[in-house]
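Chain by chain, the residues run as shown.
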Amino acid sequence: MSSQTTAYAGIDVSKDWLDVHVRSSTLRPVRQAQDTAERFRVPNDSKGAVGAVERMRRAGVGLVVMESTGRLEEVAASVIGSSGLPLAVVNPGRVRDFARASGRLAKTDAVDAEALAHYADAMEPEPTRRPGPQERALRELMDRRKELSGMIAAEQNRLRRITGQSVRRRIKAHVRWLEGELKRMEEEAEEAMRSNQEWRRKEQLLVSVPGVGAVVARTVIAELPELGSLDGKQVASMVGVAPFNRDSGQMRGKRTVYGGRGQVRSTLYMAALTASRFNPGLK
């Protein structure tokens, strides 16, 4: 790649907008490049993402990088992934560290997009495997189930401190409706699992572990489609449960875990608490 010209795109994602920075570099062994850039903003919706893909294709982009932003990137990532452009969805912490190391202390949408494009050029992360329509549907079902469970818990907490009978009746009626919705979400998730033989096989294997129930298994299947294609260390690192060393000289620091896929990690944490009571190997 010593004389090859490649274009990289960084996309900063917000609720309403996609800020795109296209960085074109002539790569040399010492990576001294004369850079040209194209910057533009499009709405964060399907139409805007399609327009961004067209402009990135015209610019000769060979790799697109965006941060994982708690589902705000899902529409754009789906459109870009379907277009065939290589896309890497990366950990925001890594990009922030890279931006600080490269001297970018200001933070705006345009600056963040430029930092992502620079990160793509310098680090060339591996493209991220994008979930298919069935996987996205299961993920949305499990997300909705978690939201409904949270709303039920919040309403039940309110009920404990409300004394007026009129308000209590309304809260109880709302809880009953939420519980009905929760049951329907679980039925739809069950139907989705029955329709996919590979998911069913994974679920049966996961629930065979004491402490892992159907909700945990389905969350893992939805949020970690790579499960089964990577070894244990790779999966642990991806989820964010692989401990990092903190050693220097004779000092041996405390190992810590962080980063990774928060939804999977938090679900596994609750499963681990249960397993520590009932699973002899973990107890």
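Would you mind showing me how to read the overall build of the protein here?
Looking only at helices and strands, one finds 10 helices and 7 strands in the protein. Principal-axis analysis of the C-alpha atoms gives the protein an extent of 70 × 55 × 40 Å. Looking at the protein residue by residue over its 283 residues, the buried ones come to 38%. For the protein, restricting intrachain contacts to residue pairs at least 6 apart in sequence, the fraction spanning at least 24 positions comes to 55%. With the model as given, the accessible surface of the protein reaches about 16,500 Å², and the carbon-plus-sulfur share is 53%.

When you look at the pattern of salt bridges in this model, what are you seeing that I'm missing?
Proximity of charged atoms lets side chains of opposite charge pair with each other. Here the structure, examined in full by the defined rule, presents 21 salt bridges. Of the charged contacts, one joins Arg144 and Glu147 as a salt bridge, the two residues approaching to 3.2 Å between their closest N and O atoms. With a gap of 3 residues between them, Arg144 and Glu147 both fall in helix α5 (residues 133-161), about one helical turn apart. Overall, Arg144 belongs to the partly exposed group, its relative accessible area being 30%. The partner of Arg200 in a salt bridge is Glu190, and the shortest N-O contact between them spans 3.3 Å. Of this pair, Arg200 sits in helix α7 (residues 197-207) while Glu190 sits in helix α6 (residues 165-194), and the two are 10 residues apart along the sequence. A residue is classified by how much of its surface remains accessible, and Glu190, at 21% relative accessible area, is partly exposed. The network of salt bridges with shared partners includes Glu190, Glu191, Arg194, Arg200, Glu203 and Arg218.

In this structure, what is going on with the packing of helix α3 (residues 92-101) against helix α4 (residues 109-123)? I would like to understand it.
Two quantities define a packed helix pair, namely the angle between the axes and the distance from one axis to the other. Axis separation between α3 and α4 bottoms out at 10 Å; the angle between their running directions is 90°. In this view, α3 runs roughly perpendicular relative to α4, as classed from their interaxial angle. Of the residues in α4, those touching α3 at Arg94, Val95, Phe98 and Ala99 are Ala115, Leu116, His118, Tyr119, Ala122 and Met123.

I would appreciate a short explanation of the packing of aromatic side chains in the present structure.
When we look at a pair of aromatic rings, we describe it by the centre distance and by the angle of the planes. Taken as a whole and assessed by the stated rule, the structure comprises 1 aromatic pair. Taking NZ or CZ as reference, Arg55 lies 3.9 Å from the ring centre of Phe40, over its face.

So what exactly am I meant to see when it comes to the nonpolar core here?
The nonpolar side chains of a soluble globular protein tend to be buried, and buried together. Of all hydrophobic cores here, the largest spans 23 residues; its most connected members are Ile11, Val22, Met56, Val64, Met66 and Ile80. Every element with two or more residues in this core is listed here: β1 (5-13), β2 (17-26), β3 (36-43), α1 (46-58), β4 (61-67), α2 (74-83) and β5 (87-90). Judged by nonpolar contacts, the second largest core, of 10 residues, contains Ala88, Phe98, Tyr119 and Ala120.

About the cut-offs
Residues numbered from 1 in each chain as written. Predicted model: local features only at pLDDT ≥ 70, side-chain atom pairs only at ≥ 80, totals over all residues. Heavy atoms only, no water. Helix = DSSP H or I, 4+ residues; strand = E, 2+ residues; numbered from the N terminus. Buried < 20%, exposed > 50% of the residue type's maximum accessible area, 1.4 Å probe, protein only. Contact = heavy atoms within 4.5 Å. Areas by Shrake-Rupley, 256 points an atom, 1.4 Å probe, with all protein chains shown as cover. Salt bridge = Lys/Arg side-chain N within 4 Å of Asp/Glu carboxyl O. Axes fitted to C-alpha atoms, helices over the stretch in contact; angles between N-to-C directions. Parallel < 35°, antiparallel > 145°, perpendicular 65-115°, else oblique. Phe/Tyr/Trp six-rings, centres within 6.5 Å; stacked < 30°, edge-to-face > 60°. Lys NZ or Arg CZ within 6 Å of the ring centre and 35° of its normal. Core = buried A, V, L, I, M, F, W, Y, C linked by side-chain atoms within 4.5 Å.

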